[in-house]
Amino acid sequence: MNYPIKDLTVALLASYRRHGGINHLDGANLPSRAGVVAITSDLLRLVFPGFFDDQVVHSSELQAETALRLDSVAGRLEDEIYKSLGCFGCPEGGSRDPRPAAHDLATRFLRQLPEVRELLQTDVEAAFEGDPAARTREEVIVAYPFIEAIAVHRMAHVLHGQGVPLLPRIMSEWAHSRTGMDIHPGATIGSHFFVDHCTGTVIGETSHLGSHVKLYQGVGLVARSLAAGQALRGTKRHPTVEDRVTIYANATIVGGDTVIGADSTVGANVFLMHSVPPASLVLMEDFRVRVTHKRERPGTVDFQI
Amino acid sequence: MNYPIKDLTVALLASYRRHGGINHLDGANLPSRAGVVAITSDLLRLVFPGFFDDQVVHSSELQAETALRLDSVAGRLEDEIYKSLGCFGCPEGGSRDPRPAAHDLATRFLRQLPEVRELLQTDVEAAFEGDPAARTREEVIVAYPFIEAIAVHRMAHVLHGQGVPLLPRIMSEWAHSRTGMDIHPGATIGSHFFVDHCTGTVIGETSHLGSHVKLYQGVGLVARSLAAGQALRGTKRHPTVEDRVTIYANATIVGGDTVIGADSTVGANVFLMHSVPPASLVLMEDFRVRVTHKRERPGTVDFQI
Amino acid sequence: MNYPIKDLTVALLASYRRHGGINHLDGANLPSRAGVVAITSDLLRLVFPGFFDDQVVHSSELQAETALRLDSVAGRLEDEIYKSLGCFGCPEGGSRDPRPAAHDLATRFLRQLPEVRELLQTDVEAAFEGDPAARTREEVIVAYPFIEAIAVHRMAHVLHGQGVPLLPRIMSEWAHSRTGMDIHPGATIGSHFFVDHCTGTVIGETSHLGSHVKLYQGVGLVARSLAAGQALRGTKRHPTVEDRVTIYANATIVGGDTVIGADSTVGANVFLMHSVPPASLVLMEDFRVRVTHKRERPGTVDFQI
């Protein structure tokens with residue numbers, strides 16, 4: 001049987017004309033998601049050499065291998081940056097011509113990789129030290145979604161800091177999809193960071209985290225939802241978390257002027273909208289939940305037993 | 001070394017006979033997950049033309065390109081619908097012969113795409129307006145997992161409404177896996193919807209959401225877990241959320257007769273099992289958590305500092 | 001334009017020397033993630049025959065098909081186990097030579113598949129009975145992320161119990177990435193298990209769960225975060241959940257000596273750090289949240305309405 005393709009096409013084209021905001025036609029090329037994913041995977045191999053290769057990497061081949069990989073990544077990264085700049089404009093303070101600007105940004109980014117590695121080593125250390133389930137550092141690097149998430153974040157954060165539009169966000173959302181943790185490329189995170197289990201943890205754009213911060217799954221460092229909306233762009237809307245703070249699962253910390261003082265611990269499922277001083281213990285009111293025998297609460301008999 | 005393949009095979013075949021409920025043999029073909037995923041990806045390209053293509057789409061080619069894509073999707077969609085009907089039966093009110101029924105359902109679905117796009121434009125608008133971290137609408141469409149999740153939902157919801165079995169659920173679970181948000185194809189959702197961060201948000205089968213609803217990560221619109229189980233199928237088990245309600249992270253709303261009145265705000269981590277009137281502010285009791293200095297609570301010294 | 005590849009390479013090689021903890025060079029091959037994923041996918045096909053194949057599997061071909069698949073999986077599984085043993089050592093009580101040890105472990109694992117299937121049939125039953133949104137058992141197996149997560153867990157748990165290092169964790173994290181649920185291979189889980197929606201649920205390494213346990217999304221069975229860190233390895237750090245317990249969304253249960261007594265129900269968003277007796281109903285204090293009209297709380301007018 002045939003389809004009324006002509007009718008369907010006419011109807012859809014009319015819709016394209018009517019609802020133009022969700023088309024992207026005749027414009028400059030957007031960065032390719034598949035391209036950005038391939039680049040990010042190669043960057044992970046450069047950052048953790050030997051971990052994500054199917055063959056053993058020998059020291060003797062390392063120099064040639066690294067040069068080859070850098071050369072391949074550099075050109076492709078420049079291309080995707082170029083597309084991002086073509087759509088959204090060049091950052092301030094550099095060339096206004098997207099091609100040399102993209103070349104310069106890609107080069108500067110690659111120069112930062114040793115610094116990124118320096119931070120990542122502290123994260124691996126924090127993950128290993130902080131999780132008794134970890135048997136070796138190799139297990140942490142190969143198997144923990146956290147390592148992938150933080151490695152992608154630390155690279156995306158460099159690009160974001162250089163003013164590259166869109167591309168860092170595509171990198172971040174790829175890691176989000178794979179790890180369940182959503183770290184905006186703008187978030188500033190100190191050394192020795194660890195998030196156990198990752199899924200559902202959200203770290204907003206203007207969050208500031210000190211060093212030795214430990215989070216669990218489902219923690220939200222988020223903004224108030226304000227009627228002002230887009231008018232707030234650029235203001236600090238997400239919390240500050242000082243050094244050596246631990247935040248348990250599913251706690252939600254809200255607001256740009258909320259500061260969790262150093263050495264504090266926030267219990268699971270807390271909803272906090274104000275600052276707390278250093279060394280605070282923040283728990284649900286009285287740390288109590290009500291425990292009754294089911295027969296004392298006949299109104300709840302419909303609960304599954 | 002060789003394996004005792006014969007022994008292993010005999011043991012496994014005996015298990016297939018013993019535990020028949022988890023085999024699918026000699027039956028009609030189930031829909032192919034890989035096939036459904038490919039179709040869904042193509043539908044996303046039809047709905048947001050130019051956004052997910054690696055090459056720029058020019059207006060001049062748009063008509064030919066769209067007709068070609070529709071033709072390709074139509075046949076494959078019909079095939080997967082046909083398999084679903086073959087396994088689970090045709091919906092009421094149409095042909096009882098799965099082949100013409102599948103053809104008819106696929107055609108009717110494709111006719112709905114312009115309406116789906118109309119709703120999706122309002123969602124893109126809500127996401128852009130509601131998130132100061134968004135710099136452009138393009139960023140929202142290309143990078144936000146929410147857009148993928150809601151686009152797949154709005155399409156799966158149309159198929160679900162037409163009575164197509166299984167297939168819409170496979171579409172939804174693909175989006176769930178990629179975005180962390182689980183929207184059952186049966187859920188009814190008004191215009192201008194936005195879920196920030198998405199991960200962990202669950203919207204049950206019989207939920208009704210008005211327009212301009214804003215949710216955060218980890219929000220659950222769920223059913224009571226009742227001993228009745230399957231006996232409840234078809235009843236309204238999930239909440240109603242009226243227009244312009246905002247629900248913060250990790251709040252859980254339970255029950256089919258629970259109504260969140262229009263213009264209400266529900267704070268993070270609230271567990272709510274009853275209705276609230278319009279313009280309510282629903283927060284944890286007294287909005288307080290207990291904050292103490294750690295030295296005042298020696299019983300908790302084993303918490304990491 | 002050319003890149004300063006030589007400079008970039010020198011800088012990165014210097015970083016590899018300086019931060020050696022995150023390189024893996026000249027060592028034994030680590031198991032391949034891609035290889036482990038392919039094996040796990042094939043094991044799922046062996047466990048649920050006919051469900052994940054694109055073609056109908058006929059009973060007449062089942063024996064040949066199964067033998068072929070077992071043969072293919074056995075060799076590849078042995079190879080990945082061999083690599084794991086080469087990096088991390090052989091388990092106690094078997095051969096100290098990794099090649100025969102790997103052969104023996106792979107064979108013993110495959111012999112367990114019928115028992116794994118026996119448990120999985122009870123899980124499918126629990127999912128179907130427990131979720132009125134499920135129309136058929138086929139829908140549960142094909143579309144529910146829970147089934148994939150628990151099937152991978154039950155297989156990874158067998159390998160973990162045999163003392164195979166790393167490999168079971170790679171299997172688990174693959175399922176974690178796809179389903180959002182993080183079950184450590186060490187966790188012990190009874191029959192008739194069901195987790196609705198899955199995303200964000202975390203079950204730690206030393207958790208013990210009885211039979212007929214039902215969890216929702218975002219539930220955490222986690223350890224205290226103790227300064228002792230790695231010193232705690234091997235101790236019981238995660239909760240015990242007895243038979244027929246239901247735990248609602250986003251509840252967090254903490255600690256190795258915490259026992260949730262049989263037939264208990266834990267409400268959503270509860271944070272519990274102590275044991276409760278059988279048949280307990282555990283809810284947020286007084287089961288209340290504060291509901292006010294927004295105009296009565298002018299301090300909160302900045303909340304979106």
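Since this is a predicted model, take the numbers as computed values, not measurements. (Residues numbered from 1 in each chain as written. Chains lettered and ligands numbered in written order. Predicted model: local features only at pLDDT ≥ 70, side-chain atom pairs only at ≥ 80, totals over all residues.)

Novice: Tell me about the overall build of chain A, and name the residues and values.
Specialist: Within chain A, the secondary structure is distributed over 8 helices and 15 strands. Dimensions of chain A along its principal axes, counting C-alpha atoms only, are 70 × 65 × 50 Å. Counting all 305 residues of chain A, 54% fall into the buried class. Across chain A, every contact between residues at least 6 apart in sequence was considered, and the portion connecting residues at least 24 apart equals 45%. (Helix = DSSP H or I, 4+ residues; strand = E, 2+ residues; numbered from the N terminus. Buried ≥ 20, exposed ≤ 12 C-beta atoms within 10 Å, placed from the backbone. Contact = placed C-beta atoms within 7 Å.)

Novice: Explain the interface of chain B and chain C to me, and be specific about the residues and the numbers.
Specialist: Interface extent is often summarised as the accessible area lost during association of the parts. In this complex, chain B contributes 73 residues to the contact, which on the side of chain C involves 76 residues. Only helix H1 (5–18), helix H3 (59–88), helix H8 (167–179), strand E7 (220–222), strand E10 (252–254), strand E13 (271–272) and strand E14 (280–284) of chain B provide two or more residues apiece to the side of chain B that touches chain C. The biggest single contributor to the side of chain B that touches chain C is H1 of chain B, with 9 residues. Looking at the side of chain B that touches chain C residue by residue, the class counts come to 33 nonpolar, 27 polar and 13 charged. (Nonpolar A, V, L, I, M, F, W, Y, C, P; charged D, E, K, R; others polar.)

Novice: Requested: an account of the interface of chain A and chain B, with residues and values cited.
Specialist: Each partner contributes residues to the interface: chain A has 73 residues there, and chain B has 76 residues. Going through the elements one at a time, helix H1 (5–18), helix H3 (59–88), helix H8 (167–179), strand E7 (220–222), strand E13 (271–272) and strand E14 (280–284) of chain A are the ones with two or more residues in the side of chain A that touches chain B. Sorting elements by how many residues they give to the side of chain A that touches chain B places H1 of chain A first, with 9 residues. Broken down by class, the residue content of the side of chain A that touches chain B amounts to 33 nonpolar, 27 polar and 13 charged.

Novice: Describe the relation of the copies chain B and chain C, listing the residues and the values that go with them.
Specialist: Once chain B has been moved 0.0 Å along the axis and rotated by 120°, it coincides with chain C to within an RMSD of 0.0 Å. In the structure described here, the two chain copies are related by an operation that fits a three-fold rotation axis. The residues that chain B uses at the interface reappear at the interface of chain C in only 18% of cases, marking distinct surfaces. (Least-squares fit on C-alpha atoms with pLDDT ≥ 70 in both.)

Novice: Account for the nonpolar core, with residues named and values stated.
Specialist: Ala127 of chain A, Ala127 of chain B together with Ala127 of chain C are the most contacted members of the largest nonpolar core, which totals 285 residues. Setting aside its immediate chain neighbours within four residues, Ala127 of chain C contacts Ala134, Val140, Tyr144, Phe146, Ile147 and Phe194 of chain C. (Core = buried A, V, L, I, M, F, W, Y, C linked by C-beta atoms within 7 Å.)

Novice: Can you lay out the domain arrangement of chain A for me, pointing to particular residues and giving the numbers?
Specialist: Under the domain assignment used here, chain A contains domain 1 (27–180) and domain 2 (200–286). For domain 1 of chain A and domain 2 of chain A, the distance between their C-alpha centroids amounts to 27 Å. (Domains from an automatic or database assignment.)

Novice: Go over the packing of helix H2 (residues 33–47) of chain C against helix H8 (residues 167–179) of chain C with me, naming the residues and quoting the values.
Specialist: Two measures define how a pair of helices packs: the angle their axes make with one another and the distance between the axes. Residues and elements named next belong to chain C. In the contact formed by H2 and H8, the axes pass within 10 Å of each other and the chain directions differ by 70°. Looking at the two axes, H2 sits roughly perpendicular to H8. Contacts between H2 and H8 involve Arg33, Val36, Val37 and Thr40 on the former and, on the latter, Leu167, Ile170, Met171 and Trp174. Across the contact of H2 with H8, the residue classes break down as 6 nonpolar, 1 polar and 1 charged. (Axes fitted to C-alpha atoms, helices over the stretch in contact; angles between N-to-C directions. Parallel < 35°, antiparallel > 145°, perpendicular 65-115°, else oblique.)

Novice: I'd like a rundown of the pairing of E14 of chain A, residues and numbers included.
Specialist: Residue and element names in this part refer to chain A. Summarising burial for E14: 5 of the 5 residues are buried, a large majority. Strand direction decides the pairing type here: strand E12 (residues 265–266) and E14, joined by 2 bridges, are parallel. Counterpart to Thr265 in the pairing with E14 is Leu281. (Pairing = 2+ DSSP bridges.)

Novice: Pulling in residues and values, what's your account of the environment of Arg45 of chain A?
Specialist: Topologically, Arg45 of chain A is positioned in helix H2 (residues 33–47). With residues near it in sequence (within four places) discarded, Arg45 of chain A still touches Phe52, Asp53 and Arg69 of chain A.

Novice: Residues and numbers for the sheet that holds strand E13 (residues 271–272) of chain C, please.
Specialist: All names here are of chain C. Strand order in the open sheet formed by 5 strands is E1-E4-E7-E10-E13, with parallel pairing between adjacent strands. In this open sheet, the two edge strands, each paired with only one partner strand, are strand E1 (182–183) and E13. Of the strand pairs in this sheet, strand E10 (residues 252–254) and E13 are connected by 2 bridges, and their pairing is parallel. Following the sheet pairing, Ile253 is matched in E13 by Leu272.

Novice: Could you give me a rundown of helix H1 (residues 5–18) of chain C, with the residues and numbers involved?
Specialist: All names here are of chain C. The first and last C-alpha atoms of H1 sit 20 Å apart over 14 residues, in line with the 20 Å expected at 1.5 Å per residue. Three or more residues of H1 are buried, namely Leu8, Thr9, Leu12, Ser15 and Tyr16. End-on, the buried residues of H1 take up no more than an arc of 125°, which puts them together on one face. For H1, the exposed residues lying more than 90 degrees away from the buried face are Lys6, Ala14, Arg17 and Arg18. (Expected span 1.5 Å × (residues − 1). Arc of directions from axis to C-beta.)

Novice: Explain unusual backbone geometry residue by residue, including any values.
Specialist: The phi torsion at Asn250 of chain A lies on the positive side, around 65°, for a residue other than glycine. Despite not being glycine, Cys198 of chain B shows a phi value in the positive range, around 70°. Inspection of the secondary structure assignment puts Cys198 of chain B in the loop between strand E3 (194–196) and strand E4 (202–203).

Novice: So what's going on with helix H7 (residues 145–161) of chain C? Which residues, and what values?
Specialist: Residues and elements named next belong to chain C. Over its 17 residues, H7 runs 24 Å from end to end, which matches the ideal 24 Å to within 8%, given 1.5 Å per residue. Among the 17 residues that make up H7, 16 are buried, leaving the element largely enclosed by the rest of the structure. Gly163 sits one or two residues past H7 and shows a positive phi near 85°.

Novice: Mind laying out the environment of Thr122 of chain C, listing which residues take part and the relevant values?
Specialist: Residues and elements named next belong to chain C. Mapped onto the fold, Thr122 is located in helix H5 (residues 113–130). The sequence separation of Thr122 and Thr246 amounts to 124 residues, and the corresponding C-alpha distance is 17 Å. Those residues in contact with Thr122, other than ones at most four positions away along the chain, are Ser191 and His192.

Novice: Run through the packing of H1 of chain A against H3 of chain B, naming residues and quoting values.
Specialist: Across the interface, H1 of chain A lies against H3 of chain B with an axial gap of 9 Å and an inter-helix angle of 125°. When the axes of H1 of chain A and H3 of chain B are compared, the pair comes out oblique. Seen from above, H1 of chain A lies across H3 of chain B with right-handed handedness. Counted together, Ile5, Leu8, Thr9, Leu12 and Leu13 of chain A of H1 of chain A and Leu62, Gln63, Thr66, Ala67, Leu70 and Asp71 of chain B of H3 of chain B form the full contact between these two elements. The residue makeup of the contact of H1 of chain A with H3 of chain B, split by class, is 7 nonpolar, 3 polar and 1 charged. (Left-handed = near helix turned anticlockwise from the far one by under 90°.)

Novice: So what's going on with the sheet that holds strand E11 (residues 259–260) of chain B? Residues and values would help.
Specialist: Paired through backbone hydrogen bonds, the strands of a sheet run either parallel or antiparallel to each other. Residues and elements named next belong to chain B. The 4 strands lie next to each other as E2-E5-E8-E11, forming an open sheet whose pairing is parallel. Strands with a single pairing partner mark the edges of an open sheet, and in this sheet they are strand E2 (188–189) and E11. Note: E2 against strand E5 (residues 208–209), 2 bridges, orientation parallel. Directly across from Thr188, in E5, lies its bridge partner His208.

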